[in-house]
Amino acid sequence: MQKTLGLVLKKQNIGETDRIVTIFSPSLGKKRVIARAVRKTTSKLAGHLDTFMVSQIMLTDHPDLPKVTSAQLIEPFEAIRGSLVSLEHAFAITKIIERVIVEDVSQQSIFQLTLDALSRMNDGQKWSAVWLYFLGTLTNRLGLALNDFNCLSCGQKIAGPAWWLPGERRFACRGCAAAKGEEKIPLEFNSVKLLRLLQSQPYPAVLTINFGETIGRQVEEVLLREITEWFNKPWLSYSSLAINKS
């Protein structure tokens, strides 16, 4: 038997009463487990293994598909579950986590980052700050931090509107030849400054910044490209997650 915290990322019904549940565990990483008879009205597991719930879970030792023998609800994130907009935001976070987390590999720092983001959402904090801080910190913890804020062509520090070159993973001044013929994302200077801040400042500092939708979407696209290209499956649309809601 093994005991672990688990954040429920998704669930899939099988048979008449069973369910396969994908959890994110700080010690096991992503793990698919089976909850037998959980869909019966008399099941003791019902209400402890729903999406976005955090529970203390006891599992059998089967390596491929462990069986859940007991579960105790720790955090239901009730405010998220009561809002359709918040549910969309929570799905955006867990969709990324499900893709980047490896099974049977401890990911305690990313687990805590995910819980922090969901807790802040549950408390009604500004979505744009929660989302961009989550993306910025995740790039750091995946080893994808943006550390070079100098122009790829001239080597000078970016001091105005710039391009982000996804193929090079570098910035370029708007007038430099490095951007010619390359796929490029236009960035306002405030977007560059926000990307730099997200690499170095704690969440409270990000929460105090007022930035418009254009800045948010530019920063969102750069970070999402870094993360999704890392697991070699680009996002369908880098502007579909409406960071300015709530």
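Small disclaimer: the values here were computed from a predicted structure and weren't measured.

Caption draft 1: Quick peek at the packing of aromatic side chains. The tally for this structure, following the rule as stated, stands at 7 aromatic pairs. Both rings, one in Phe24 and one in Phe111, keep their centres 5.3 Å apart while their planes meet at 75°; by these two values the pair is edge-to-face. You can see Phe24 sitting in strand β2 (residues 18–25) and its partner Phe111 sitting in helix α3 (residues 108–122), a full 87 residues away along the chain. Here Trp164 and Phe171 contribute two aromatic rings whose centre-to-centre distance is 4.8 Å and whose plane-to-plane angle is 65°, an arrangement assigned as edge-to-face.

Caption draft 2: The arrangement of the pairing of strand β6 (residues 162–165) in detail. Along β6, one buried face is formed by Ala162 and Trp164 and the opposite face, lined by Trp163 and Leu165, is buried too. In this sheet, strand β7 (residues 170–173) lies alongside β6 in antiparallel orientation, the contact comprising 4 bridges. Bridged to Trp164 within β7 is Phe171. In this structure, the hairpin formed by β6 and β7 is closed by a connection of 4 residues, where Arg169 is found at a positive phi of approximately 55°. The pairing of β6 with strand β8 (residues 185–187) spans 3 bridges and is classified as antiparallel. Looking at the pairing, Trp163 lines up with Pro186 of β8.

Caption draft 3: Region of interest: the sheet that holds β8. If you trace the 3 strands from one edge of the open sheet to the other, you get β7-β6-β8, paired in antiparallel fashion. The open sheet is flanked by β7 and β8, the only strands paired with a single partner. Strand-to-strand twist in this sheet, taken as the mean axis angle between neighbours without regard to direction, amounts to 35°. Seen against the sheet, helix α5 (residues 189–198) touches β6, β7 and β8 and runs at an angle of roughly 90° to β8. Most of the contacts of helix α7 (residues 213–230) go to β8, to which it runs at about 135°, and overall it touches β6 and β8.

Caption draft 4: Summary view of the packing of helix α2 (residues 84–100) against α3. In contact at an axis separation of 11 Å, α2 and α3 are set at 175° when each is read in the N-to-C sense. Taken together, the axes of α2 and α3 lie roughly antiparallel to each other. Touching Ser86, His89, Ala90, Ile93 and Ile97 of α2 are Ile110, Thr114, Ala117, Leu118 and Met121, all from α3.

Caption draft 5: Structural view of the side chain of Thr4. Mapped onto the elements, Thr4 comes out in strand β1 (residues 2–14). Here the side chain of Thr4 touches Ser27 through a polar contact of 3.4 Å, side chain to side chain. In contact with Thr4, other than residues within four places in its own chain, are Ser25, Pro26, Ser27, Leu28, Ser55, Gln56, Ile57 and Leu59.

Caption draft 6: Local environment of α3. With 15 residues, α3 should reach 21 Å at 1.5 Å per residue; the first-to-last C-alpha distance of 21 Å fits that figure. Taken together, the buried positions of α3 are occupied by Ile110, Phe111, Leu113, Thr114, Leu115, Ala117, Leu118, Arg120 and Met121.

Caption draft 7: Representation of the packing of α3 against helix α4 (residues 127–141) in the model. Two elements in contact, α3 and α4, have axes separated by 10 Å at closest approach and are oriented at 175°. Classed by the angle they form, the pair α3 and α4 counts as roughly antiparallel. For the pair α3 and α4, the contacting residues are Ser109, Ile110, Leu113, Thr114, Ala117, Arg120 and Met121 in the first and Trp127, Val130, Tyr133, Phe134, Thr137, Leu138 and Arg141 in the second. Here the residues of the contact of α3 with α4 sort into 9 nonpolar, 3 polar and 2 charged.

Cut-offs used in this document
Residues numbered from 1 in each chain as written. Predicted model: local features only at pLDDT ≥ 70, side-chain atom pairs only at ≥ 80, totals over all residues. Heavy atoms only, no water. Phe/Tyr/Trp six-rings, centres within 6.5 Å; stacked < 30°, edge-to-face > 60°. Helix = DSSP H or I, 4+ residues; strand = E, 2+ residues; numbered from the N terminus. Buried < 20%, exposed > 50% of the residue type's maximum accessible area, 1.4 Å probe, protein only. Pairing = 2+ DSSP bridges. Axes fitted to C-alpha atoms, helices over the stretch in contact; angles between N-to-C directions. Contact = heavy atoms within 4.5 Å. Parallel < 35°, antiparallel > 145°, perpendicular 65-115°, else oblique. Polar contact = N/O pair within 3.5 Å; in protein donor to acceptor, adjacent residues only side chain to side chain. Expected span 1.5 Å × (residues − 1). Nonpolar A, V, L, I, M, F, W, Y, C, P; charged D, E, K, R; others polar.

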